[in-house]
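Examination of the molecular architecture
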Amino acid sequence: MQRLSYPSVDIIQKEKKTFLLHLISQFFNGIVAGIIVIQEIILKKSLSGTNFEVTILIYLTSISFLFSIYGTEIIDRSDNRAKTIFRIGAFGRGCLLLIPFFSNPWFYIAIITIMFITDALLMPSWNYIFRHNYTLQNRSKYYSYASSLSTMVLLVTSTIAGFLLDANNEIYQLLFPVAGLFGILYYYEMSKIMKLADTASNEPTIQKSNIRQKIKFNLIRDIAFLPVRNMVKICKENKKFFIFEINFFLYGMAFMVLSPAIPIFLVDYLNLAYTPISLAKGLIFHSALIIVTPLMGRFMGSGNPTKFCSVIFYILILIPGLLYLSNYLKGSDGFFDSTTVIYIVFFVFGIAMSGVTLAWNIGSIFYAPHSMVASYQAVHITFTGIRGLFAPLLGYLVIRFVSIEANFILSGILFFFAGTGMLIDYKKSNSSKLLSRT
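Before going into details, it helps to say that this report is about the structure given with it. Values in this document were obtained by computation on a predicted structure and should not be read as measured data.

What about the overall build of the protein chain?
Looking only at helices and strands, the protein chain has 18 helices and zero strands in total. For the protein chain, with 438 residues in total, the buried portion stands at 57%. In the protein chain, of all internal contacts separated by at least 6 residues, the share reaching a separation of at least 24 is 87%. With an accessible surface of roughly 19,000 Å², the protein chain has 66% of that area assigned to carbon and sulfur atoms.

Put into structure tokens, the structure is as follows:
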């Protein structure tokens, strides 16, 4: 159990500097996310992508998380972690500048995938920053505030992008270079936070003696295989963390099964234009995030995240249920039509995902030893990539060979199992605490 302590003046100053840089970086990232949030809709409508191509985009972006376990090794073996983060991040986001030069759906898919892979490589490093630069008392609170700012910028950006795309569906060729430039600025600010963390931290980078050597076969072998061995070791040694990951895995399966169904359903079944889709996925979804995220930060706290996750996963069961309902209201007149239900869907979705985002980003910290925060988060992100190997394709196959309604039912069942698993784990943990006190 982590204990709260009174921070020193130096720690408070470092925390304030980190929070300022975090806010700036999240402002830039909100602009990027506001455009990226409708990436599969752009593929479907502006590039005339097929259902299969939409599924492949979701599939490749999902399995990109597998690369996260290698990011920790690459960054920790570098002589300058801040510079390495900026170079990798700037390359990935900079690739978005190439999108206007080709109108081929597969080139579009490749560029988006590259960006997601580089993002995945760097994701575990953020937990290192949040663990070392924020105090336990303020970590959830400051993270939720920065996340809320990013969300506010995202909803404005996505709403504007939707109107622009309805006016001219080729405007994405301008929007993505804008996202690329602000994405580079985002990683510049985040690299400054890493530099601040490294300046104040006494933790050495891994195998520092190898830093200035030329890359040899043994080093390449270590980078390729050590993360996998570490992942297996962590799961074997920390059973509670492994159980948490199993239940989170079930949630992720449900989410990824549903992912290819949503753009197909909105475009092909409900025949929605860019504006209502961007309002739903941007303004409404992220308005819910802004309203609820600070409350979720307080509700989650710094303790065991399993009870928190169980509530969130149960709420998510409503999403496929409401989507199922909207299909039967298609073409109906009056206020409560299918479009209205879609707005309700994404508002509820935003409430639930505000909690999921917190749990996904900082939930693993509860289980991790102080010196292994990045490694635990790398394992957590890698599980996301593993389920990405099959879950989106499973969702597509259910749509293709059964029906889109069957996809909704399957995802709802998986959300239920995930919530129930977290609740059982929470009750077991409470029972163990009571027994240890008697």
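Describing the packing of aromatic side chains
Under the defined criterion, the tally for this structure stands at 22 aromatic pairs. The ring of Tyr-274 carries Lys-45 above its face, with NZ or CZ at 5.5 Å from the centroid.

A look at the packing of helix H10 (residues 239-258) against helix H15 (residues 338-362)
Relative to each other, H10 and H15 sit at 140 degrees, their axes nearing to 13 Å. One finds that H10 runs oblique with respect to H15. Here the hand of the crossing between H10 and H15 comes out left-handed. Contact residues: Phe-248, Tyr-251 and Phe-255 in H10; Phe-349, Met-353, Val-356, Ala-359 and Trp-360 in H15. A per-class count over the contact of H10 with H15 returns eight nonpolar, no polar and no charged.

Section: the pattern of salt bridges
Per the counting criterion, the structure on display carries four salt bridges. Residue Arg-93 is joined to Asp-119 by a salt bridge in which the shortest nitrogen-to-oxygen separation is 3.2 Å. Here the residue Arg-93 occupies a position in helix H5 (residues 81-94), and Asp-119 occupies one in helix H6 (residues 105-133), the gap between them amounting to 26 residues. Overall, Arg-93 belongs to the buried group, its relative accessible area being 5%. Given the relative accessible area of 11%, Asp-119 is considered buried. Residues Lys-192 and Glu-189 are paired through a salt bridge, measuring 3.5 Å at the closest nitrogen-oxygen approach. Residue Lys-192 and its partner Glu-189 are located together in helix H8 (residues 172-200), separated by three residues, close to a single helical turn. According to the relative accessible area criterion, Lys-192 is partly exposed, its value standing at 33%.

Topic: the nonpolar core
Counting residues in hydrophobic clusters, the biggest one holds 97 residues, and the most contacted among them are Phe-176, Phe-313 and Leu-316. The leading source of residues in this core is H15, at 13 residues. When near neighbours in sequence (up to four residues on either side) are disregarded, Phe-176 contacts Ile-35, Ile-36, Ile-42, Leu-96, Ile-99, Tyr-108 and Ile-112. Listed in part, the 16 residues of the second largest apolar core include Leu-21, Ile-88, Tyr-128 and Ile-193.

Focus: the packing of helix H12 (residues 274-300) against H15
Contact geometry for H12 and H15: axes closest at 7 Å, N-to-C directions at 40 degrees. By the angle between their directions, the pair H12 and H15 is classed as oblique. H15 is crossed by H12, and the crossing has right-handed handedness. For the contact of H12 with H15, the residue count by class is 20 nonpolar, six polar and one charged.

Comments concerning the environment of Ile-160
Position of Ile-160 among the secondary structure elements: in helix H7 (residues 139-167). By relative accessible area, Ile-160 is classed as partly exposed at 46%. Note: C-alpha distance between Ile-160 and Gly-34 (126 residues apart in sequence) is 9.1 Å.

Description of unusual backbone geometry
Phi is mostly negative for residues that are not glycine, and the peptide bonds are mostly trans. You will see that Ser-48, though not glycine, has its phi angle at about 55 degrees, which is positive. Among the secondary structure elements, Ser-48 is positioned in the loop between helix H2 (39-45) and helix H3 (51-63). Judged by its relative accessible area of 56%, Ser-48 is exposed. In this structure, Asn-271 is a non-glycine residue whose phi angle is positive, near 55 degrees. Looking at where Asn-271 falls in the secondary structure, it is placed in the loop between helix H11 (261-269) and H12. Relative accessible area serves as the criterion here: at 60%, Asn-271 is assigned to the exposed category.

Regarding the side chain of Ser-158
In this fold, Ser-158 is placed in helix H7. We classify Ser-158 as buried; its relative accessible area is 0%. Filtering out sequence-adjacent residues up to four positions away, Ser-158 remains in contact with Gly-34, Val-37, Ser-278, Gly-282 and Leu-283.

Describing the environment of Leu-66
As for its position among the elements, Leu-66 is in the loop between H3 and helix H4 (68-76). Along the chain, Leu-66 and Gly-385 lie 319 residues apart, while their C-alpha atoms are 4.3 Å from each other. Those residues in contact with Leu-66, other than ones at most four positions away along the chain, are Thr-382, Gly-385, Ile-386 and Leu-389.

With respect to the side chain of Thr-61
The topology assignment puts Thr-61 in helix H3. Only 2.9 Å separates the side chain of Thr-61 from the backbone oxygen of Leu-57, close enough to count as a polar contact.

Here's the deal with the environment of Arg-81
By the element assignment, Arg-81 lies in helix H5. Note: C-alpha distance between Arg-81 and Ser-191 (110 residues apart in sequence) is 8.0 Å.

How each quantity is defined
- Residues numbered from 1 in each chain as written.
- Predicted model: local features only at pLDDT ≥ 70, side-chain atom pairs only at ≥ 80, totals over all residues.
- Heavy atoms only, no water.
- Helix = DSSP H or I, 4+ residues; strand = E, 2+ residues; numbered from the N terminus.
- Buried < 20%, exposed > 50% of the residue type's maximum accessible area, 1.4 Å probe, protein only.
- Contact = heavy atoms within 4.5 Å.
- Areas by Shrake-Rupley, 256 points an atom, 1.4 Å probe, with all protein chains shown as cover.
- Phe/Tyr/Trp six-rings, centres within 6.5 Å; stacked < 30°, edge-to-face > 60°.
- Lys NZ or Arg CZ within 6 Å of the ring centre and 35° of its normal.
- Axes fitted to C-alpha atoms, helices over the stretch in contact; angles between N-to-C directions.
- Parallel < 35°, antiparallel > 145°, perpendicular 65-115°, else oblique.
- Left-handed = near helix turned anticlockwise from the far one by under 90°.
- Nonpolar A, V, L, I, M, F, W, Y, C, P; charged D, E, K, R; others polar.
- Salt bridge = Lys/Arg side-chain N within 4 Å of Asp/Glu carboxyl O.
- Core = buried A, V, L, I, M, F, W, Y, C linked by side-chain atoms within 4.5 Å.
- Polar contact = N/O pair within 3.5 Å; in protein donor to acceptor, adjacent residues only side chain to side chain.

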